[in-house]
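Chain by chain, the residues:
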Amino acid sequence: MPGLLRGIARTAAVAGTATAVSNRVSRRQAGRWAEQDAPQQAPQQPQAVASAPQSPPVGDDMGSTIGKLKELGELKAQGVLTEGEFEAQKRKILG
């Protein structure tokens, strides 16, 4: 029985890590595509809209930040990140 539980736990850890890495790669790639598309779309916008200050929705930004912090915590708990790496990434997310 302990061997079975260990195998299940290992599978869950590997699957969780793979999911976290896959999601991060997807977000990074989407960000790169958005950066590439932004210069092409900017000249098409009228000047009044382009000069207006844009603020992101507070709830959406907060949810994204919390999600990133939870993901970092999971990676640290799984042993993927060291304490130093965790702190550096946390400071980067929190600004």
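This text goes with the structure placed above it.
Residues numbered from 1 in each chain as written. Predicted model: local features only at pLDDT ≥ 70, side-chain atom pairs only at ≥ 80, totals over all residues. Heavy atoms only, no water.

Undergrad: Summarise the nonpolar core; cite the residues concerned and give the values.
TA: Counting five residues, the largest nonpolar core is built from A20, L72, L75, L81 and F86. Sequence-distant contacts of L75, that is, excluding residues within four places in its chain, are made with A20, V80 and L81. (Core = buried A, V, L, I, M, F, W, Y, C linked by side-chain atoms within 4.5 Å. Buried < 20%, exposed > 50% of the residue type's maximum accessible area, 1.4 Å probe, protein only. Contact = heavy atoms within 4.5 Å.)

Undergrad: Run through helix α4 (residues 83-94), naming residues and quoting values.
TA: The terminal C-alpha atoms of α4, which comprises 12 residues, lie 16 Å apart, in line with the 16 Å expected from a rise of 1.5 Å per residue. A positive phi of about 85° marks G95, the residue just after α4. (Helix = DSSP H or I, 4+ residues; strand = E, 2+ residues; numbered from the N terminus. Expected span 1.5 Å × (residues − 1).)

Undergrad: Residues and numbers for the side chain of T65, please.
TA: Along the chain, T65 turns up in helix α3 (residues 58-77). With relative accessibility at 17%, the residue T65 sits in the buried group.

Undergrad: Quick one: what's the story with the packing of aromatic side chains, residue by residue and with numbers?
TA: Inspection of the entire model under this criterion finds zero aromatic pairs. One residue, K76, lies across the ring of F86, its end atom 4.9 Å from the ring centre. (Phe/Tyr/Trp six-rings, centres within 6.5 Å; stacked < 30°, edge-to-face > 60°. Lys NZ or Arg CZ within 6 Å of the ring centre and 35° of its normal.)

Undergrad: Lay out the environment of L81 in plain terms, naming residues and giving numbers.
TA: Following the sequence through the fold, L81 ends up in the loop between α3 and α4. Apart from the residues within four sequence positions on either side, L81 is in contact with L72, L75, K76 and F86.

Undergrad: I'd like a description of a nonpolar patch on the surface, backed by residues and values.
TA: A grouping of L4, L5 and I8 is seen on the molecular surface, where their side chains present a nonpolar patch of about 310 Å² in accessible area. Inspection of the secondary structure puts L5 in helix α1 (residues 2-41). Accessibility expressed as a relative area gives 52% for L5, which makes it exposed. (Patch = residues over 30% accessible without salt bridge, like charges linked within 9 Å, V, L, I, M, F, W, Y side chains within 5 Å. Areas by Shrake-Rupley, 256 points an atom, 1.4 Å probe, with all protein chains shown as cover. Salt bridge = Lys/Arg side-chain N within 4 Å of Asp/Glu carboxyl O.)

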